[in-house]
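For reference, the chains in residue letters:
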Amino acid sequence: MSDQIYNQKLITLEEAASMVKSSDTVGIGIAASEPVGLLQALAGQQEEVEDVHIWTCLPMRPYDIFVEPSMDGKFFNENWFYSVTDRKVHPEGRVSYIPNNLHRAATDKLKSTGGKLNVFLGTAAPPNEEGCVSLSVGMIVERDLLEAADLVILEVNENLPFTFGDTLIHVSEIDYFVENHTPLVELPAATPTEIEKKIGGYIADLIEDGATLQLGIGGIPNAITAFLKDRKDLGIHTEMFVDGMVDLFEAGVVNNSKKTLHPGKMIGTFALGTQRLYDFVDRNPGVEFHRGRYTNDPFVIAKNKKMISVNTALQVDIYGQVCSQSIGTRHFSGTGGQLDTHRGAQLSEGGRGIIAMRSTARNGTISTIVPTLSPGAGVTVPSQDVDTIITEYGVAELIGKTVRDRMNALINIAHPDFRDWIRDEAKRLGIVPK
Ligand code: COA
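Keep in mind the model is a prediction, meaning the values are calculated, not measured. (Residues numbered from 1 in each chain as written. Predicted model: local features only at pLDDT ≥ 70, side-chain atom pairs only at ≥ 80, totals over all residues. Heavy atoms only, no water.)

**Digging into helix H14 (residues 338-347)**
(1) Moving on: Within H14, 7 of the 10 residues are buried, which leaves it mostly tucked inside the rest of the structure.
(2) Moving on: Those residues of H14 that fall on the buried side of the exposure criterion are Gln338, Leu339, Asp340, Thr341, His342, Gly344 and Ala345.
(3) Moving on: Taken together, the buried residues of H14 touch strand S11 (212-215), helix H13 (298-301), strand S17 (307-312), strand S19 (322-323) and strand S22 (352-356). (Buried < 20%, exposed > 50% of the residue type's maximum accessible area, 1.4 Å probe, protein only. Helix = DSSP H or I, 4+ residues; strand = E, 2+ residues; numbered from the N terminus. Contact = heavy atoms within 4.5 Å.)

Below is the structure:
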């Protein structure tokens with residue numbers, strides 16, 4: 001019966017693309033859940049449409065509708081998290097960042113449109129025997145947008161893992177399906193550098209047996225997994241599932257047994273990694289994907305005792321303001337779930353919000369610890385929320401401290417070549433007394 005419903009709703013990519021009309025708002029699946037075929041097919045509508053606004057987050061491929069100058073006035077990219085392509089296209093004016101905390105991204109966006117979304121283009125793993133597709137590895141905003149949209153088209157891809165949690169939807173609830181079995185985008189886990197290994201060691205020292213972890217995007221948060229091999233009973237409650245978590249599970253370090261929320265389960269909202277990660281989450285009842293609205297809600301995160309969040313940043317100033325999303329006025333990525341997970345960890349009993357970063361950037365020519373953030377830098381974690389900062393020179397615990405004491409703690413973990421400069425500038429600017 002459900003096979004029949006599915007087959008009746010099956011259309012071609014071109015038919016699906018032609019259902020997008022001028023001035024439509026279009027939500028899409030994100031990261032490894034991106035509807036590759038549908039986004040490529042939309043370029044064929046170039047002569048038919050004007051002013052279509054696509055809501056994106058970390059687009060994985062340079063789709064024509066976003067990168068081609070001829071798409072001016074046709075498609076506009078409203079973006080929750082920039083990728084390399086968005087950074088390149090930004091000066092051309094066809095993309096703009098939507099400031100957001102990830103757990104409110106869909107809710108706030110829909111508030112701005114009075115709850116209205118014309119089209120949702122997502123992806124799903126093929127239906128199971130009960131006639132349910134799985135939204136697979138993408139639950140950041142996808143389910144909320146799907147529920148709000150007037151028209152829902154899902155690109156079914158047999159390479160997508162069939163996952164559990166809040167991911168299952170019966171085929172009768174979807175308007176149309178297209179089939180496109182594209183290989184999934186993979187993000188290889190980089191081998192940690194010597195500096196990243198030092199940082200990983202400092203972070204690991206702060207993680208006790210029985211703790212629950214969230215690891216953010218970027219090289220450093222993932223460098224710690226190698227240092228946790230002798231820990232016991234760790235749990236995972238994270239925005240993003242990464243390959244390092246599979247290593248820890250297979251080593252018997254992560255078993256989720258001491259979690260105080262969802263014991264026995266790894267909880268996340270999306271997965272981005274290698275095929276090994278996608279195979280691990282496929283039909284795995286020990287892994288659940290929930291909406292970003294739930295997984296990243298700081299009050300939900302805080303229900304995990306000993307919750308440790310590890311994120312990385314581009315700049316920290318001596319007030320403890322953390323910038324992870326821009327380099328001065330140049331928008332780089334986004335707040336994503338950094339502030340959500342950081343705040344959740346701080347609210348948790350025995351928890352800690354860690355920001356870990358290299359002490360320098362650009363081949364050692366600039367300090368990432370600075371007297372003041374560069375003009376125009378976006379504040380990702382405000383100074384009143386900051387907790388623990390780590391570099392390859394050690395750990396600075398800033399929580400509850402004065403600006404003077406924060407400065408001293410940060411100077412101790414700054415690169416030695418920049419320590420005098422930071423102090424002298426802070427005095428010259430009157431941030432601390434001469
Ligand atoms: N000034 C100027 N440039 C800087 C810099 C600084 N202070 N710090 C870093 N850079 C440059 C690097 O040299 C590098 O340049 P390149 O691309 O030309 O090589 C670039 O910025 C990226 O730095 P890197 O440290 O390699 O980035 P990353 O891939 O490890 O990502 C963040 C780091 C902070 C950008 C990323 O983690 C992020 O976007 N975080 C916000 C969201 C978040 O944490 N979400 C968490 C939940 S998943």
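**Side note on the packing of aromatic side chains**
(1) Moving on: If you walk through the whole model with that rule in mind, you get 8 aromatic pairs.
(2) Moving on: In this arrangement the basic side chain of arginine 87 is found over the ring face of phenylalanine 332, its NZ or CZ atom lying 3.7 Å from the centre.
(3) Moving on: Taking NZ or CZ as reference, arginine 283 lies 4.5 Å from the ring centre of phenylalanine 162, over its face. (Phe/Tyr/Trp six-rings, centres within 6.5 Å; stacked < 30°, edge-to-face > 60°. Lys NZ or Arg CZ within 6 Å of the ring centre and 35° of its normal.)

**Some points on the pattern of salt bridges**
(1) Moving on: Enumeration over the complete set of coordinates arrives at 23 salt bridges.
(2) Moving on: As a salt-bridge pair, glutamate 208 and lysine 306 come within 3.2 Å of each other at their nearest N and O atoms. With glutamate 208 in the loop between helix H8 (194-205) and S11 and lysine 306 in the loop between H13 and S17, this residue pair connects regions lying 98 residues apart in the sequence.
(3) Moving on: Close ionic contact of arginine 276 with glutamate 250 constitutes a salt bridge, the shortest N to O distance being 3.0 Å. Highlighted residues: arginine 276 in helix H11 (residues 275-281) and glutamate 250 in helix H10 (residues 243-250), separated in sequence by 26 residues.
(4) Moving on: When its relative accessible area of 34% is taken as the criterion, arginine 276 is described as partly exposed.
(5) Moving on: In this structure, a network of salt bridges that share partners links the residues Arg143, Asp144, Glu147, Asp166, Arg291 and Arg293. (Salt bridge = Lys/Arg side-chain N within 4 Å of Asp/Glu carboxyl O.)

**Points about the sheet that holds strand S14 (residues 266-268)**
(1) Moving on: Spatially, the 3 strands line up as an open sheet ordered S8-S16-S14, and their pairing is parallel. Looking along the sheet, the strands with just one partner apiece sit at the ends: strand S8 (164-165) and S14.
(2) Moving on: Where S14 lies against strand S16 (residues 287-289), 3 bridges are found, and the strand directions are parallel. By the bridge assignment, methionine 266 is partnered in S16 with valine 287. (Pairing = 2+ DSSP bridges.)

**Considering helix H6 (residues 105-112)**
(1) Moving on: When H6 is considered as a whole, its buried residues turn out to be Ala105, Ala106, Lys109 and Leu110. What you see down the axis of H6 is that its buried residues fit within an arc of 115°, all on one side. In H6, the exposed positions that point more than 90 degrees away from the buried face belong to Lys111 and Ser112.
(2) Moving on: As for H6, its buried residues are in contact with strand S2 (52-56), strand S3 (75-79), strand S5 (117-124) and helix H7 (142-148).
(3) Moving on: Immediately beyond the C-terminal end of H6, within one or two residues, lies glycine 114, with a positive phi of roughly 65°. (Arc of directions from axis to C-beta.)

**Here we look at the nonpolar core**
(1) Moving on: Among the nonpolar cores identified, the biggest contains 74 residues, and Leu145, Leu154, Ile203, Ile207, Phe241 and Leu272 are the most heavily contacted of them.
(2) Moving on: The contacts of leucine 272, once residues within four sequence positions are left out, are Ala31, Ala32, Leu58, Met60, Val185, Leu187, Met240, Phe241, Val242, Leu277 and Tyr278.
(3) Moving on: Counting residues in each nonpolar core, the second largest holds 26 residues, with Leu13, Ile28, Val52 and Met71 among its members. (Core = buried A, V, L, I, M, F, W, Y, C linked by side-chain atoms within 4.5 Å.)

**So, the sheet that holds S22**
(1) Moving on: Strand order in this open sheet of 6 strands is S12-S11-S17-S22-S26-S27, and the pairing throughout is mixed. The open sheet has two edge strands with one neighbour each: strand S12 (235-236) and strand S27 (394-397).
(2) Moving on: Pairing analysis gives 2 bridges linking S11 to S12, with the strands arranged parallel. Bridge pairing in S12 places threonine 212 opposite glycine 235.
(3) Moving on: Across the sheet, H8 is in contact with S17, S22, strand S26 (388-391) and S27; its angle to S26 comes to roughly 145°.
(4) Moving on: Of the strands in this sheet, S26 and S27 are in contact with helix H15 (residues 403-413), which crosses S27 at around 170°. (Axes fitted to C-alpha atoms, helices over the stretch in contact; angles between N-to-C directions.)

**What about the site of the ligand?**
(1) Moving on: Among the 24 residues in the neighbourhood of the ligand, the closest are listed as Ile217, Leu314, Ser333, Gln338 and Arg358.
(2) Moving on: Between the ligand and the protein, one listed contact pairs an oxygen atom with a side-chain N or O atom of arginine 358 at 2.7 Å.
(3) Moving on: At a separation of 3.5 Å, a nitrogen atom of the ligand approaches a polar side-chain atom of arginine 362.
(4) Moving on: Within the shell around the ligand, the residues separate by chemical class into 8 nonpolar, 13 polar and 3 charged. (Near = heavy atom within 4 Å. Polar contact = N/O pair within 3.5 Å; in protein donor to acceptor, adjacent residues only side chain to side chain. Nonpolar A, V, L, I, M, F, W, Y, C, P; charged D, E, K, R; others polar.)

**Side note on the environment of threonine 182**
(1) Moving on: Among the secondary structure elements, threonine 182 is positioned in the loop between strand S10 (176-179) and H8.
(2) Moving on: A polar side-chain atom of threonine 182 sits 2.9 Å from a polar atom in the side chain of asparagine 180.

**Comments concerning the side chain of threonine 312**
(1) Moving on: Position of threonine 312 relative to the elements: it lies in strand S17.
(2) Moving on: Only 2.7 Å separates the side chain of threonine 312 from the backbone oxygen of alanine 356, close enough to count as a polar contact.
(3) Moving on: Those residues in contact with threonine 312, other than ones at most four positions away along the chain, are Ile217, Gly218, Ile220, Pro221, Ser324, Gln338, Ile355, Ala356 and Met357.

**Regarding unusual backbone geometry**
(1) Moving on: The phi dihedral of serine 136 falls on the positive side, at around 65°, and the residue is not glycine.
(2) Moving on: Along the polypeptide, serine 136 turns up in the loop between strand S6 (132-134) and H7.
(3) Moving on: The class of serine 136 is buried, set by a relative accessible area of 0%.
(4) Moving on: The phi torsion at asparagine 256 lies on the positive side, around 60°, for a residue other than glycine.
(5) Moving on: Mapped onto the elements, asparagine 256 comes out in the loop between H10 and S14.
(6) Moving on: For asparagine 256, a relative accessible area of 1% corresponds to the buried category.

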